[in-house]
Amino acid sequence: MARSNKPILWLPFAAGGLVAALITPILIFITGVLVPVGVLHLSHEKVAAFAHNPIGKLILLGVVALPTWHAAHRLRMTAHDLGLSDGVAVKAACYGSAFVLILAAAIALLMI
Amino acid sequence: MSKTVALEILRYNPEVDSEPHFQTYEVPYKDDWVVLDALNHIKDHLDATLSYRWSCHMAVCGSCGMMINGEPKLSCHAFLRDYRDRVIRVEPLDHFPIERDLVIVMDSFIEKLSSVKPYLISNEERPLSDGEHLQTPLQLMAFKQYTQCINCLLCYAACPQCGLNENFVGPAALALAHRYNLDSRDHGKSDRADVVASNEGVWECTFVGACSDVCPKRVDPAAAIQQTKIAASLDWLKALMLPGAKR
Amino acid sequence: MSRRPYTRKVRRSWWLRHRRYVAYMVRELTSLFIGIYSAVLVMGLVRLAQGQSAWDSFVMMLSSTPGVLVQLVCLLFATYHSVTWFALTPKAIPVMVRGQPVSAKTIIRIHYAAWAAVSLVVLIAAGV
């Protein structure tokens, strides 16, 4: 038995859990209720302006990347609970998807 | 006609049985009886071959843990009057091999307990002339709840990760490690980390919380483990950023 | 004396056998919907980078009936995630103030207050 390197997976998971808890619901409320109903209008101009700002980029990356990582790690652990072996396949599927999504977000933000 | 209640008990005789099987006994219903009283009645009057552990009959020794209607409980702490069904199912604690009837093999737990070094570890020689360790009530309060564990193993039976991975160090052992890590007289956190902060230590836990739900002494091992995850992560970061520092 | 300990197998359906474990699974399942919504947000960022018309069709997709339905399901689970996360936080982070432990209720209330504050800030930033 030796000290594990799990913290590298767990710390962003914990941060992601808090970010998701505080911010995700209101975001879904905005994009899933307020915008479809017409109370709010998210124009390309307005959102791109926010994303153009370097601090805006960091905020958007954090709000997207951390919950994504949280979901990936938690789903990996849940797969084990459901009887799937905690092997390369599950880890690659979970963390691999997270990496792809986070990378896509980062690249998109850099392009704006 | 006096009231009775049926106990459906999982029997296993390793010398005769290939598998465990249920056997039902009809016992008198008494308002103040616990399941342990019913078991003792069976052993005294109906079937002397029934084997089970018990001792204090007052929820302090931790001997009589078993599954009662699928829930890990101390049999001395489970009142017949709380079970409305006419049949009460009694089985040995989950996640442990069955030795015989309601007796489980707890060797693995004993090993896990000793592996976390559950004793004060000092960082320097203290001559007797220095006198006792001094500890304020506040310092005691920091770890007192984690001293209350009676090693009853209900938490191991409740924990799904214990069921899925027999190498998981488990709630009670990790709570005890936390008890020492929080003790102001102790300097052994680093010595315990190889076990506590290993993959089979706190990292196997997914905070189901069932352990704390079933604990008869309100030790709250789930809290101990989450706090240890945070402490272990901070130690990990420290080691990363200050690689030469003493662990 | 012959010992022959019997090991009971753990079934894959272990979590269906008790309300407590079903609740745990539902709690863990919230992360699936957080993941789904996060993927939607990533798509949004990509569409944002691709320009006005790509962004507009993304917003149209969000406002479509299936789009709204998916998001409402995500909202339900995301809210449940918040509620369960706040409930568990006091166990992980015991706080002492002036020699007295801060009650779990207080820590949870602070989180709900932060949730309300953050939500307000986001709403204002979005232009409500």
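So, here's what we can say about the structure. Here the structure is a predicted model, which means the values were calculated and not measured.

## What about helix H3 (residues 54-81) of chain A?
Residues and elements named next belong to chain A.
Alright, step 1. Over its 28 residues, H3 runs 40 Å from end to end, which matches the ideal 40 Å to within 8%, given 1.5 Å per residue.
Alright, step 2. Counted residue by residue, H3 has 20 buried out of 28 residues, so it is predominantly covered.
Alright, step 3. Among the residues of H3, the N-terminal cap falls to Asn53, whose side-chain oxygen and the backbone nitrogen of Ile55 are separated by 2.7 Å.
Alright, step 4. Within two residues after H3, Gly83 carries a phi angle of roughly 105 degrees, on the positive side.

## Side note on the sheet that holds strand S4 (residues 71-74) of chain B
Residues and elements named next belong to chain B.
Alright, step 1. Reading across the sheet, the 5 strands line up as S2-S1-S5-S3-S4 and stay open at both edges, with mixed pairing between neighbours. The strands lining the two open edges of the sheet, one partner per strand, are strand S2 (21-28) and S4. Averaged over neighbouring strand pairs, the angle between their axes works out to 35 degrees when direction is ignored.
Alright, step 2. With 2 bridges joining them, strand S3 (residues 65-68) and strand S5 (residues 87-91) adopt antiparallel strand pairing. Bridging from a neighbouring strand, Ile68 pairs with Val90 of S5.
Alright, step 3. Relative to the sheet, helix H1 (residues 35-46) contacts strand S1 (4-11), S2, S3 and S5, its axis offset from that of S2 by approximately 95 degrees.

## Examining the packing of helix H6 (residues 171-182) of chain B against helix H7 (residues 189-196) of chain B
Residue and element names in this part refer to chain B.
Alright, step 1. With their axes 10 Å apart at the nearest point, H6 and H7 run at an angle of 165 degrees to one another. In this view, H6 runs roughly antiparallel relative to H7, as classed from their interaxial angle. Crossing angle aside, the handedness with which H6 passes H7 is left-handed. Of the residues in H7, those in contact with Leu174, Ala177, Tyr180 and Asn181 of H6 are Lys189, Arg192 and Val196.
Alright, step 2. The residue makeup of the contact of H6 with H7, split by class, is 4 nonpolar, 1 polar and 2 charged.

## Thoughts on a nonpolar patch on the surface
Alright, step 1. A contiguous nonpolar surface patch, about 290 Å² in accessible area, is contributed by C:Val26, C:Tyr80, C:Val83 and C:Tyr112.
Alright, step 2. Following the sequence through the fold, C:Tyr112 ends up in helix H4 (residues 104-126).

## Some thoughts on the interface of chain A and chain C
Alright, step 1. Contacts between the two partners involve 48 residues from chain A and, on the opposite side, 48 residues from chain C.
Alright, step 2. Here chain A and chain C share 14 residue pairs in polar contact (both at pLDDT 80 or more) between them.
Alright, step 3. Taken together, the elements giving at least two residues each to the side of chain A that touches chain C come down to helix H1 (7-37), helix H2 (44-52), H3 and helix H4 (88-111) of chain A.
Alright, step 4. With 21 residues, H1(A) is the single largest residue contributor to the side of chain A that touches chain C.

What counts and what doesn't
- Residues numbered from 1 in each chain as written.
- Chains lettered and ligands numbered in written order.
- Predicted model: local features only at pLDDT ≥ 70, side-chain atom pairs only at ≥ 80, totals over all residues.
- Heavy atoms only, no water.
- Helix = DSSP H or I, 4+ residues; strand = E, 2+ residues; numbered from the N terminus.
- Expected span 1.5 Å × (residues − 1).
- Buried < 20%, exposed > 50% of the residue type's maximum accessible area, 1.4 Å probe, protein only.
- Polar contact = N/O pair within 3.5 Å; in protein donor to acceptor, adjacent residues only side chain to side chain.
- Pairing = 2+ DSSP bridges.
- Axes fitted to C-alpha atoms, helices over the stretch in contact; angles between N-to-C directions.
- Contact = heavy atoms within 4.5 Å.
- Parallel < 35°, antiparallel > 145°, perpendicular 65-115°, else oblique.
- Left-handed = near helix turned anticlockwise from the far one by under 90°.
- Nonpolar A, V, L, I, M, F, W, Y, C, P; charged D, E, K, R; others polar.
- Patch = residues over 30% accessible without salt bridge, like charges linked within 9 Å, V, L, I, M, F, W, Y side chains within 5 Å.
- Areas by Shrake-Rupley, 256 points an atom, 1.4 Å probe, with all protein chains shown as cover.
- Salt bridge = Lys/Arg side-chain N within 4 Å of Asp/Glu carboxyl O.

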